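What follows is the residue order along each chain.
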Amino acid sequence: MRNLGSLVNKKPSSSITVIFKLPYYTQWGQSLVLSGSDPVFGSWNLKQALSMDPVHQGGELVWCAKANVKVGFECEYNYYLVDDSRNVLRWEPGKKRKFVLPQGVKEGDVVEIHDLWQDASEGLFLRSAFKDVIFGGKDELKNETQNLHVSQNLDQDQQDTVVVQFVISSPLLDAGRNLCVTGGISKLGNWRCQDGLKLNYTGDSLWKADCVIRKDELPLKYKYCQINEAGGCALEEGPNRELTIDMGSSSLPNFFVLSDGPFRETPWRGAGVAIPMFSVRSDDDLGVGEFLDLKLLVDWAVKSGFHLVQLLPVNDTSVNRMWWDSYPYSSLSVFALHPLYLRVQSLSNNIPEEIMKEILREREALNKKDVDYEATMAVKLSIAKKIFNLEKEKVLSSSSFQKFFTENQEWLKPYAAFCYLRDFFDTSDHSQWGVFANFSNEKLEKLISEDAIHHEIICFHYYIQYHLYLQLSEAAVYARKNKVVLKGDLPIGVDRNSVDTWVYPNLFRMNTSTGAPPDYFDKNGQNWGFPTYNWEEMSKDNYGWWRARLTQMAKYFTAYRIDHILGFFRIWELPDHAATGLVGKFRPSIALSQEELEREGIWDFNRLSLPYIRNDMLQDKFGSLWTLIAANFLNEYQPLCYEFREDCNTEKKIIAKLKSSSERSLWAEQEDKIKRGLFDLIQNIVLIRDPEDPCKFYPRFNLEDTSSFADLDEHSKNVLRRLYYDYYFVRQENLWRQNALKTLPVLLNSSDMLACGEDLGLIPSCVHPVMQELGLIGLRIQRMPSEPGLEFDIPSKYPYMTVCAPSCHDCSTLRAWWEEDEERRCRYFKSIVGSNDIPPQKCTPEVAYFIMQQHFEAPSMWAIFPLQDLLALKEEYSTRPAAEETINDPTNPKHYWRFRVHVTMESLLNDKELQLIIKDLVSTSGRSFPGKEKEVKEVKTSGDKVVQSAQVQVNGNAIKCLKC
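Quantities reported herein were computed from a predicted structural model and do not represent experimental measurements. (Residues numbered from 1 in each chain as written. Predicted model: local features only at pLDDT ≥ 70, side-chain atom pairs only at ≥ 80, totals over all residues. Heavy atoms only, no water.)

## Topic: the overall build of the chain
Looking only at helices and strands, the chain features 26 helices and 40 strands. The C-alpha atoms of the chain give a radius of gyration of 32 Å, which matches the 30 Å a tight globule of 964 residues would have. With respect to the three principal axes, the spread of C-alpha positions in the chain is 105 × 80 × 75 Å. Across the 964 residues that make up the chain, the buried fraction comes to 57%. Taking as baseline every contact in the chain between residues at least 6 positions apart, the subset at least 24 positions apart corresponds to 72%. (Helix = DSSP H or I, 4+ residues; strand = E, 2+ residues; numbered from the N terminus. Rg over C-alpha atoms; globule rule 2.2 N^0.38 Å. Buried < 20%, exposed > 50% of the residue type's maximum accessible area, 1.4 Å probe, protein only. Contact = heavy atoms within 4.5 Å.)

Right under this line is the structure:
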């Protein structure tokens with residue numbers, strides 16, 4: 001350890017000495033380096049970065065580095081935690097630090113920089129959701145107050161003084177407030193905030209001020225405080241800050257720069273509403289929620305106290321041109337918007353009366369309980385085509401369209417060509433497109449050529465996308481103006497028959513399928529059908545496809561949900577011939593090698609990796625039909641032992657044969673049962689052999705549940721149990737962590753949007769630490785606890801960096817969940833409510849209120865509620881059967897996504913009572929809401945309802961809650 005004074009004793013007369021100090025506790029074998037844009041700091045090459053030395057100072061370990069620079073020096077830099085080989089172990093995410101020499105520094109001076117490690121969470125409030133929306137306009141703040149202390153003598157000629165520059169970040173500072181620093185010396189007001197040193201706003205949420213301080217006034221204790229227009233003060237939270245000096249040093253630096261991180265205050269918390277775009281209902285929509293309906297939703301959100309509106313994906317999914325396309329996570333294009341959300345009557349200001357009458361007729365016909373996907377799409381495209389034919393020349397030649405086309409042509413041209421070819425060949429399977437099966441720019445230009453006879457069809461797709469862009473942009477601007485964050489959704493996959501797989505086939509592993517292993521959502525696992533990603537290929541251009549996706553998304557949204565964030569650590573990969581999600585493996589993962597297994601006494605690999613089928617199993621599963629099933633699907637390769645025939649040795653082949661066999665009539669009435677039985681047989685394996693390397697194996701998920709495992713000897717069972725646990729919970733952790741740290745930072749740095757990760761399911765232990773390190777906000781659902789051993793999570797114990805919600809689109813709503821399982825309901829009532837009484841059978845408004853209040857009061861940064869759950873707060877909105885409000889059934893790969901709210905947004909805007917109930921939940925829980933900073937006191941007239949504490953009797957059982 002070096003004495004800190006040795007860093008400042010020698011001052012080269014021809015340069016300025018800059019000393020960097022950062023308190024940071026490291027472990028053995030770890031150290032810090034400083035890397036930056038200037039060659040002095042290695043030009044961002046970590047191998048040449050500036051080394052730092054540890055020094056014990058007080059009770060802290062402080063890392064120090066010294067550099068000599070010239071007058072006028074400035075650069076960007078950051079700190080990195082590295083091992084002995086300078087491999088990065090941790091870095092500061094977010095924006096680069098900026099260093100500029102303080103005013104008045106001259107040759108021979110010594111400048112000491114006091115930095116604090118920048119956690120990712122500190123940068124969240126510089127994201128667009130906060131900077132441009134919730135606290136939008138703060139960069140217009142101008143501190144006109146002259147700093148009298150600074151103006152006295154910043155040339156710092158006196159030998160007994162130093163210049164101290166105070167730097168603080170305060171992105172949450174309300175308009176009309178200023179910052180000052182106060183402390184135990186007269187120039188800092190002697191702890192009187194009003195007399196403290198006023199700071200100047202310098203942009204990017206930073207406040208600075210310089211102060212000349214006598215050396216005998218050091219060390220110095222101080223704090224920052226806020227001052228409002230009326231002169232009121234609010235000190236920051238936490239202990240006093242302190243400028244410490246090395247008492248053993250023979251000289252002190254001339255200048256200190258104190259980069260003190262963020263202003264310490266109560267963590268900001270907000271609330272929001274979640275609803276799929278297709279589920280919104282309004283007086284003007286045509287059978288489905290439309291982008292322009294978001295303006296009504298924003299109005300309702302503001303009146304209810306919400307700062308955020310969350311949607312499901314809104315990209316075009318028109319792969320099959322039928323209701324299967326209602327699945328919003330199966331993108332036809334990750335850039336194009338869905339024509340489903342187009343408002344046709346807003347396409348033009350001069351729509352003929354005949355077409356307007358048609359719109360009115362169709363609106364009445366499509367005003368159904370649920371979305372009629374196929375009818376709605378047909379009507380909208382038909383009407384849009386009529387309007388297009390009337391104004392195509394005018395629109396396509398407009399400067400607005402030309403600008404849109406120029407900015408989006410890289411994805412728009414392939415998208416339009418794909419849509420034309422899909423319709424021409426009557427399939428989205430581009431492998432069936434003959435000469436066009438393989439994409440090339442030369443073929444594309446011919447397809448979209450103005451001379452082509454189908455050019456008008458191409459232009460129609462341009463036209464639709466242009467108007468979708470205009471309408472969603474209008475809604476997005478409206479949301480920002482009203483301080484409401486519009487939160488989008490980034491799907492984990494794309495459809496295998498999509499524009500993206502056609503144009504960029506090298507980015508996808510087309511012989512595989514993406515899914516999820518068995519979890520809360522589906523005990524048999526899920527198979528989404530998307531090809532997995534070729535991450536190695538994607539990395540060659542620094543994940544340009546992903547960066548383009550996020551850039552496009554940021555045109556409309558200021559926050560986004562990363563669907564299945566676990567897929568960026570590892571993905572559940574299935575062969576493309578699988579129909580279910582059970583028999584998969586993680587990619588990437590460290591397999592069990594044949595050599596490793598043989599060392600453990602495991603050698604019969606065919607026995608373990610091929611379906612284990614015995615005569616008694618067939619009789620148990622198929623009863624009297626077992627001989628028929630055996631004759632059609634199996635070969636008896638030795639007495640009482642069977643294997644699948646070649647034409648049905650995969651799940652998809654089984655499905656095909658069940659439907660095409662000439663003997664189908666013999667089992668037609670039991671076809672589903674037989675299919676499940678055959679699937680059980682083909683999944684009855686212990687190890688999965690790698691199709692690309694036959695000497696590698698993967699333990700089948702839940703292998704102990706198989707009869708193949710049950711019939712093994714005890715030694716083999718014990719070995720396989722141990723290797724199973726090692727594969728799934730031990731050996732992959734570092735690999736998965738490194739994989740996520742390659743990809744997720746690229747996503748986060750591609751835009752200014754606030755990122756939230758859906759981290760539900762089977763969670764590796766590396767996931768939450770990586771998310772915390774990167775500043776990613778997680779998700780917590782009470783019925784899906786992240787802590788082992790709990791049936792119900794406890795919202796009051798949620799971490800701050802989370803979104804909490806009582807339900808989500810992938811599970812039943814709050815009402816349905818409460819009513820579908822009596823025993824679970826009783827357990828919840830006992831463990832969470834604290835009552836041994838019998839709970840009410842129905843999810844009454846009082847029950848809904850109690851559950852939602854837990855979430856509003858949780859420490860989570862965001863509490864986001866499905867609109868269906870919020871409507872459960874009033875009896876009149878609970879007449880619809882609860883099960884009908886479920887958006888998705890993850891166990892059904894062909895689920896019809898068609899739920900529509902049964903009340904219009906206009907009606908909800910008129911329901912002041914519901915708005916008051918929700919807004920009081922927001923405000924009494926301490927969460928921020930639009931206009932909060934201006935709202936001094938809410939005045940209620942005698943006719944208003946007041947929310948108050950009560951013991952509500954429900955079926956003779958008391959629930960402690962708040963009742964309207």
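Having put the structure on the table, let's press on.
## Notes on the nonpolar core
Formed by 193 residues in total, the largest nonpolar core has its most connected members in Trp300, Phe306, Trp545, Trp546, Tyr560 and Leu873. Setting aside residues up to four positions removed in sequence, Leu873 forms contacts with Pro845, Ala848, Tyr849, Met852, Leu914, Ile917, Ile918 and Leu921. Listed in part, the 31 residues of the second largest apolar core include Leu32, Ala67, Leu101 and Val105. (Core = buried A, V, L, I, M, F, W, Y, C linked by side-chain atoms within 4.5 Å.)

## Quick word on the sheet that holds strand E33 (residues 687-689)
The 3 strands are arranged E29-E34-E33 in an open sheet whose pairing can be described as antiparallel. Sheet topology places strand E29 (592-593) and E33 at the edges, where each strand pairs with a single neighbour. As judged from the 3 bridges shared by E33 and strand E34 (residues 696-699), these two strands associate in the antiparallel manner. Residue pairing in the sheet places Ile688 in a bridge with Tyr698 of E34. Here helix H18 (residues 714-729) sits on the sheet in contact with E29, E33 and E34, set at roughly 90 degrees to E34. (Pairing = 2+ DSSP bridges. Axes fitted to C-alpha atoms, helices over the stretch in contact; angles between N-to-C directions.)

## Quick word on the packing of helix H19 (residues 733-749) against helix H20 (residues 767-774)
Across the interface, H19 lies against H20 with an axial gap of 11 Å and an inter-helix angle of 30 degrees. Taken together, the axes of H19 and H20 lie roughly parallel to each other. Pair H19 / H20 crosses with right-handed handedness. Of the residues in H20, those touching H19 at Arg737, Ala740, Leu741, Leu744, Pro745 and Leu748 are Val770, Glu773 and Leu774. (Parallel < 35°, antiparallel > 145°, perpendicular 65-115°, else oblique. Left-handed = near helix turned anticlockwise from the far one by under 90°.)

## Structural notes on H19
Compared with an ideal rise of 1.5 Å per residue, which puts 17 residues at 24 Å, H19 spans 24 Å between its outermost C-alpha atoms and is within 8% of the ideal. A bend of about 25 degrees at Leu741 is the largest found in H19, and the proline Pro745 appears one to four places after it. In terms of residue burial, H19 counts as a mostly covered element, since 12 of its 17 residues are buried. Among the residues making up H19, those that are buried are Glu733, Trp736, Arg737, Asn739, Ala740, Leu741, Thr743, Leu744, Pro745, Val746, Leu747 and Leu748. (Expected span 1.5 Å × (residues − 1). Bend = angle between axes of the 7 residues up to and from the residue.)

## Concerning the pattern of salt bridges
When charged atoms on two side chains of opposite charge get close, those side chains can pair. Evaluation of the coordinates by the stated rule reveals 56 salt bridges. The salt bridge partner of Glu358 is Lys386, with a shortest N-O separation of 2.9 Å. Of the two residues, Glu358 sits in helix H3 (residues 353-366) while Lys386 sits in helix H4 (residues 373-396), which places them 28 residues apart along the sequence. Look at Glu358 and you get buried, because its relative accessible area is 13%. Taking the relative accessible area as the measure of exposure, Lys386 reaches 36% and is therefore partly exposed. Between Arg599 and Glu595 there is a salt bridge; the shortest N-O distance is 3.7 Å. (Salt bridge = Lys/Arg side-chain N within 4 Å of Asp/Glu carboxyl O.)

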